[in-house]
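Residue-level structure breakdown
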Amino acid sequence: MSKVTISLNGRPFTIGCEEGQQAYLKELAGHLDTHVRDLAEKVGQIGELRLLLMASLIVADEMREAQGRVEALESDLLDAKGTISQGEARRRADRARAAETIVKAAERLEALAGADGSEA
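These numbers come from a predicted model, not from an experiment.

**Details of the side chain of H35**
Secondary-structure assignment places H35 in helix α1 (residues 22-43). A residue is classified by how much of its surface remains accessible, and H35, at 13% relative accessible area, is buried. At 2.8 Å, the side chain of H35 and the side chain of E62 are in polar contact. Apart from residues lying up to four places away in sequence, H35 is in contact with A55, I58, V59 and E62.

**Notes on the pattern of salt bridges**
With the rule as written, the count across this model stands at four salt bridges. Salt-bridge contacts for R11 lead to E48; the nearest nitrogen and oxygen are separated by 2.4 Å. With R11 in strand β2 (residues 11-17) and E48 in helix α2 (residues 48-119), the pair connects residues that are 37 residues apart, well separated along the chain. The exposure class assigned to R11 is partly exposed, which follows from its relative accessible area of 40%. R37 is the partner of D33 in a salt bridge, and the nearest nitrogen-oxygen pair spans 2.8 Å. On the criterion of helical spacing, the pair formed by D33 and R37 is a turn pair, its members being four residues apart in helix α1. For D33, a relative accessible area of 10% gives the class buried.

Thresholds applied
Residues numbered from 1 in each chain as written. Predicted model: local features only at pLDDT ≥ 70, side-chain atom pairs only at ≥ 80, totals over all residues. Heavy atoms only, no water. Helix = DSSP H or I, 4+ residues; strand = E, 2+ residues; numbered from the N terminus. Buried < 20%, exposed > 50% of the residue type's maximum accessible area, 1.4 Å probe, protein only. Polar contact = N/O pair within 3.5 Å; in protein donor to acceptor, adjacent residues only side chain to side chain. Contact = heavy atoms within 4.5 Å. Salt bridge = Lys/Arg side-chain N within 4 Å of Asp/Glu carboxyl O.

This is the structure we're talking about:
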């Protein structure tokens, strides 16, 4: 296990993390710190615990909104796949009808050619 020092509201915290996750953890902490600092500017220094709680709720709200967008995109993707599948089914049906029409036309032409040959 590795350790990384992050800063929240100007205060350093050393925490443990898996090896190789230090940069990612610093990135996450930086995102949280941005919210903590914004809140501190708006409401003042109301205590670290309250600032962290409020910032955590903001981050949780961001996550919930992102999940909602992902779910909407997944739904749109399923609808698009359904539309594509319907289009492919129509295309296959159209090709089958066209092939059937061509076969019937060929049969008629053969019949006409046979009828012309018997009269000559």
